[in-house]
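Residue-level structural notes
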Amino acid sequence: MNRDVIIALDFESKAKALDFLDMFEDKLYVKVGMELFYKEGPSIIEEIKKRGHKIFLDLKLHDIPNTVAKATISIMSLNTDMINYHIAGGREMLKGAVDEAKKINKDVVTLGITMLTSTSDEMMHDEILIDNKYSVKDTVIKYAMIGKESGLIGVVCSALEVPKIKEILGDEFICVTPGIRLKTNSSDDQKRVVTPEDARELGSDYIVVGRPITKAENPVSAYKEIRKMFLGE
Ligand code: C5P
């Protein structure tokens, strides 16, 4: 298993993101999301890659199959290591995208988004119109199964969901988990937080950590401490 800590580079500009990265001597795994990518475009990815870091490009693609397959070719041309899709886009969209991604890099980590953590049971039933015999938890598992059957190699989920997902989909199915906090951190806007040690115990493959590192007084030592706790070294 390739356990690792992924730092969420939630910065508003390339300059701020690169200043942050330049504090580190280590080769990192970082997550670039919509805020930074839509502002700076492919050049932010090229700059990070030039520095030797790995990239999770968190764009959560969701559109008709042809568009998502073509978008996958575009983002894979940036040499990204991890990419993701809304499983709600359906099997045909997912399979087409995974095929294109693997043609470019057979080792790319393709992840699915099940239900966003901002979706409540009520919203899922009243707005997304999923039958109320299904809870958000049931839907997360069912979506993860569809993702696996469509060729995705993992999902983004809460660390608290990992044991159930691994029990049903197997230990090899990768779980990437945000919502990580040290006991001394504020939980910010995260509702259910888990420590790095607990994430390891629960079976997370990768933890995604933003503010506990980016807003720390000393980001390099916060990263090292969190990594040590997660890897159990
Ligand atoms: O700062 P913090 O550690 O809360 O950042 C977590 C990162 O993971 C953010 O980039 C956030 O958008 C992302 N994320 C999340 N919860 C999800 C999916 C993604 O916190 N369910």
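From a predicted model like this one, the values you see are computed outputs, not experimental measurements.

Okay, the overall build of the protein chain next. Of regular secondary structure, the protein chain possesses eleven helices and eight strands. The C-alpha radius of gyration computed for the protein chain amounts to 17 Å, which stays within 12% of the reference 17 Å derived for 233 residues, consistent with globular compactness. Oriented by its inertia axes, the alpha-carbon framework of the protein chain measures out at about 50 × 40 × 30 Å. When contacts within the protein chain are restricted to residue pairs at least 6 apart in sequence, those whose partners lie at least 24 apart make up 66%. Looking at the protein chain, you have 33 positive and 38 negative side-chain charges, and the mean spots of the two groups are 3 Å apart.

Around the ligand, the structure places Ala-8, Asp-10, Lys-31, Thr-117, Pro-178, Arg-181, Gln-190, Val-208, Val-209, Gly-210, Arg-211 and Pro-212. Note that an oxygen atom of the ligand is positioned 2.9 Å from one of the side-chain N or O atoms of Lys-31. A distance of 2.7 Å separates an oxygen atom of the ligand from a polar atom in the side chain of Arg-211. Coverage of the ligand by the protein amounts to 79% of the 460 Å² it exposes when considered alone. Sorting the residues of the shell around the ligand by element identifies β8 (206-209) and α10 (211-214) as the ones contributing at least two each. Of the residues in the shell around the ligand, the class split is five nonpolar, three polar and four charged.

When you line up the elements, Lys-166 lands in helix α8 (residues 162-169). Judged by relative accessible area, which is 9%, Lys-166 ranks as buried. From its side chain, Lys-166 meets the backbone oxygen of Phe-173 in a polar contact 3.1 Å long. Within the local environment of Lys-166, its side chain forms a polar contact with the side chain of Asp-205, the two groups lying 2.6 Å apart.

Here we take up the pattern of salt bridges. Tallying each qualifying case throughout the model produces 18 salt bridges. Between Asp-58 and Lys-60 there is a salt bridge, with the nearest N and O atoms lying 3.0 Å from each other. Lys-60 gets classed as partly exposed once you look at its relative accessible area, which sits at 23%. One salt bridge in this structure joins Glu-201 and Arg-200, with 3.7 Å as the shortest N-O distance. For Arg-200, a relative accessible area of 25% gives the class partly exposed. Overlapping salt bridges, with partners in common, bring together Asp-22, Glu-47, Lys-50 and Arg-51 in one network.

This paragraph deals with the packing of aromatic side chains. Summed over all chains, the structure comprises five aromatic pairs. Measuring from centroid to centroid gives 5.7 Å for Phe-24 and Tyr-223, while their planes differ by 85°, and the two rings are edge-to-face. Taken together, the residues span a long stretch of sequence, with Phe-24 in the loop between α1 (14-21) and β2 (29-33) and Tyr-223 in helix α11 (residues 219-231) at a distance of 199 residues. Judged by its relative accessible area of 9%, Phe-24 falls in the buried class. Three or more aromatic residues joined by ring pairs make a cluster, and in this case those are Phe-11, Phe-20, Phe-24 and Tyr-223.

Under the 1.5 Å per step criterion, the end-to-end length of helix α7 (residues 136-149) is 20 Å for 14 residues, consistent within 8% with the ideal 20 Å. Taken as a whole, α7 has its buried residues at Val-136, Thr-139, Val-140, Ile-141, Tyr-143, Ala-144, Ile-146 and Gly-147. Against the buried residues of α7 lie α5 (91-104), α6 (121-126), β6 (154-156) and α8.

In the contact formed by α1 and helix α3 (residues 42-50), the axes pass within 11 Å of each other and the chain directions differ by 15°. For the element pair α1 / α3, the angle class is roughly parallel. The element α1 and its partner α3 pack so that their crossing is right-handed. Facing Lys-14, Ala-17, Leu-18 and Leu-21 of α1, the residues of α3 in contact are Ser-43, Ile-44, Glu-47 and Ile-48. Classifying every residue of the contact of α1 with α3 gives five nonpolar, one polar and two charged.

Moving on, we come to the pairing of β8. Side chains Tyr-206 and Val-208 project from β8 onto one buried face, and the interleaved Ile-207 and Val-209 project onto a second face that is buried too. As defined by bridge partners, strand β1 (residues 4-8) adjoins β8 across four bridges and the pair is classed as parallel. Opposite Asp-4, over in β8, you have Tyr-206 as the bridge partner. The sheet contact formed by strand β7 (residues 174-177) and β8 spans two bridges and is parallel. Residue pairing in the sheet places Val-176 in a bridge with Tyr-206 of β8. Handedness of the crossover joining β7 and β8 through helix α9 (residues 196-202) is recorded here as right-handed.

About the criteria used
- The residue numbers shown here count from 1 along each chain, following its written sequence.
- Side-chain atom pairs in this predicted model are given and counted only at pLDDT of 80 or more, local residue features only at pLDDT of at least 70, and totals for whole chains, interfaces and linings cover all residues.
- By convention in this description, side-chain values take in all heavy atoms of the structure and omit both hydrogens and water.
- Secondary structure counts use DSSP, requiring at least four H or I residues in a row for a helix and at least two E residues in a row for a strand, with both numbered from the N terminus.
- Atoms counted for the radius of gyration: C-alpha only. Globule rule: 2.2 Å times the number of residues to the power 0.38.
- Working rule for contacts: check all heavy atoms of both residues, and any pair within 4.5 Å makes them a contact.
- Only four residue types enter the charge count: Lys and Arg as positive, Asp and Glu as negative, with His and the chain ends excluded.
- Charge positions come from single atoms, namely NZ of Lys, CZ of Arg, CG of Asp or CD of Glu.
- For this purpose, a residue is taken to be near a molecule or strand whenever a single non-hydrogen atom of the residue falls within 4 Å of it.
- Here a polar contact means two N or O atoms within 3.5 Å. Within protein one must be a hydrogen donor candidate and the other an acceptor candidate, and residues neighboring in sequence count only if both atoms are side-chain atoms.
- Under the convention used here, a 1.4 Å probe and the Shrake-Rupley method define accessible areas, while residue burial counts only the protein chains that appear.
- For this classification, Asp, Glu, Lys and Arg are treated as charged, while Ala, Val, Leu, Ile, Met, Phe, Trp, Tyr, Cys and Pro are nonpolar and the rest, including Gly, are polar.
- Three labels apply to residues, based on accessible area from a 1.4 Å probe with only protein chains included: buried if under 20% of the type maximum, exposed if over 50%, partly exposed otherwise in between.
- Take a side-chain nitrogen of Lys or Arg and a carboxyl oxygen of Asp or Glu: if they are within 4 Å of each other, that pair is a salt bridge.
- A pair of Phe, Tyr and Trp rings is counted when the ring centres sit within 6.5 Å of each other, with Trp represented by its six-membered ring. The angle between the planes then sorts it: under 30 degrees is stacked, over 60 is edge-to-face, the rest tilted.
- Multiplying 1.5 Å by the residue count of a helix minus one yields the expected span of that helix.
- For helices, the axis comes from a line fit to the C-alpha atoms of the stretch in contact; other axes are also lines fit to C-alpha atoms, and the angle between any two N-to-C directions lies between 0 and 180 degrees.
- With respect to orientation, any angle under 35 degrees is reported as roughly parallel, any angle over 145 as roughly antiparallel, any angle of 65 to 115 as roughly perpendicular, and every other angle as oblique.
- Handedness of a helix crossing follows the sense of rotation of the near helix relative to the far helix, less than a right angle counterclockwise being left-handed and clockwise being right-handed.
- In this analysis, strands are considered paired if DSSP registers two or more bridges between them.
- For the handedness criterion, the strands are oriented away from the viewer, and a crossover whose path from the first strand over the helix to the second runs clockwise is classed as right-handed.

All we've got here are geometric facts, nothing functional implied.
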